[in-house]
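This is what each chain is made of:
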Amino acid sequence: MFCTPFHSLVEGNTSCRHVSFPAPVLSCCTSCWPKITPFHSHICAGGCSAAPGEPGCSSSPAMHITQLNRDCLLHLFSFLDKNSRKNLAKTCHKLLEVFQDPLLWSLLNFHSPVELKKDNFLLGPALKHLSICWYSERVKVCNIEDWMKNSFQKEFCHRHENTVSDFLLEVCNRCPNLLSVTLSGCGHVTDESIEQLLLSCPRLQTLRIENCVRITDRALRAVPLLGRSLHTLHLDFCRNITHAGLQELREKCPSVLLRAERSANMIPDSQPEKRLMLEKAARKLVQL
């Protein structure tokens, strides 16, 4: 990973904005644009590492990044993460236009609900692959049954319980060409969100759901009705999925590659009344 300071992306711009470039950026674009070195803000037309006017510079004048064509800039942006793209877009209008190009946003990965509220990405019809994976100890709090949570846990969940569902609704409205969706650790996503996703994204081919405790057999019943293009469905560690629901789906959609690791073997949620009745029955058996 190289950190390249762009001191002079545009004439007269002396601000320094640091953007991290993966190593492939420096090697795989040589066919379409001159060499970028990790320690210089200019692009030398001759491919040398020296700045214009310095000993060793083989050509002049220097080439600014903004002189690259749109395809080259899109290729460059594709190697950056969301924050780096946003920072680079702030340097000039031309790079902002590249940031706003829908073709740049065919793939989106998020690692926490907080990232869904940032303004460092764009949603549009070009989005093909979406992943929201939250791997954190705090997911365990979201997975606790609502009636068993204490006041602190309820307050913690209240701050973000609708974040993923609201984001998925926005995706349904603006990204009809989705091909794959991965949801992991999204404890507040419900069957309604999955139904809406299947309805609004008719080209969806792959749906992976992991450790989403509010997903039930109702979402499975929506697959034969709405998942016309779906051919891969993973439902791992979803405790409210049952064997009966999985079997029904296999019978109705034999062409769907279905995987449900541990889902139907986990202890499902129960209502407080049912839990109390079971406890009372257990105490009676002990007394007998």
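Just so you know, these numbers come straight off a predicted model, no measurement behind them.

Describe the nonpolar core, listing the residues and the values that go with them.
Ranked by size, the top nonpolar core spans 60 residues in total, and within it L130, I132, L178 and L233 carry the most contacts. Once residues lying within four places of it in the same chain are set aside, the contact partners of L178 are L127, K128, H129, L130, V171, L197, C201, R203 and L204. V139, C142, F156 and C157 belong to the second-largest nonpolar core, a separate cluster that totals five residues.

Lay out the confidence of the model for the protein in plain terms, naming residues and giving numbers.
Residue-level pLDDT values for the protein average 80, and 72% of them are 70 or greater. In the model, residues 1-20 has pLDDT below 50 throughout and makes 59 contacts with residues more than four positions away in sequence or in other chains. pLDDT under 50 marks residues 26-43. Its contacts with residues more than four places away, or in other chains, come to 44 contacts.

Can you explain the sheet that holds strand 9 (residues 232-236)? Please cite residues and give values.
One open sheet accounts for six strands, arranged 5-6-7-8-9-10; its pairing is parallel. The open sheet terminates on both sides in strands that have one partner only, identified here as strand 5 (107-110) and strand 10 (257-259). If you compare each strand with its neighbour and ignore which way they point, the axes differ by 0° on average. The pairing of strand 6 (residues 129-133) with strand 7 (residues 180-184) spans five bridges and is classified as parallel. Counted as the bridge partner of L130 is V181 from strand 7. Contacts from helix 6 (residues 163-174) reach strand 5, strand 6 and strand 7 within the one sheet, and its direction differs from that of strand 6 by about 175°.

Please provide a residue-by-residue account of helix 1 (residues 70-77), values included.
Taken residue by residue, helix 1 has C72, L73, L74, L76 and F77 as its buried positions. For helix 1, the capping residue at the N-terminal end is N69, with a side-chain oxygen 3.2 Å from the backbone nitrogen of D71.

I'd like a rundown of the packing of helix 8 (residues 217-226) against helix 9 (residues 243-252), residues and numbers included.
For the pair helix 8 and helix 9, the least separation of the axes is 9 Å and the interaxial angle reads 5°. The angle between helix 8 and helix 9 places the two elements in the roughly parallel class. Two secondary-structure elements touch here, helix 8 through D217, L220, R221, V223 and P224 and helix 9 through G245, L246, E248, L249 and K252. Split into classes, the residues belonging to the contact of helix 8 with helix 9 amount to five nonpolar, one polar and four charged.

Rules of the game
- Residues numbered from 1 in each chain as written.
- Predicted model: local features only at pLDDT ≥ 70, side-chain atom pairs only at ≥ 80, totals over all residues.
- Heavy atoms only, no water.
- Core = buried A, V, L, I, M, F, W, Y, C linked by side-chain atoms within 4.5 Å.
- Buried < 20%, exposed > 50% of the residue type's maximum accessible area, 1.4 Å probe, protein only.
- Contact = heavy atoms within 4.5 Å.
- pLDDT = per-residue confidence, 0-100.
- Pairing = 2+ DSSP bridges.
- Helix = DSSP H or I, 4+ residues; strand = E, 2+ residues; numbered from the N terminus.
- Axes fitted to C-alpha atoms, helices over the stretch in contact; angles between N-to-C directions.
- Polar contact = N/O pair within 3.5 Å; in protein donor to acceptor, adjacent residues only side chain to side chain.
- Parallel < 35°, antiparallel > 145°, perpendicular 65-115°, else oblique.
- Nonpolar A, V, L, I, M, F, W, Y, C, P; charged D, E, K, R; others polar.

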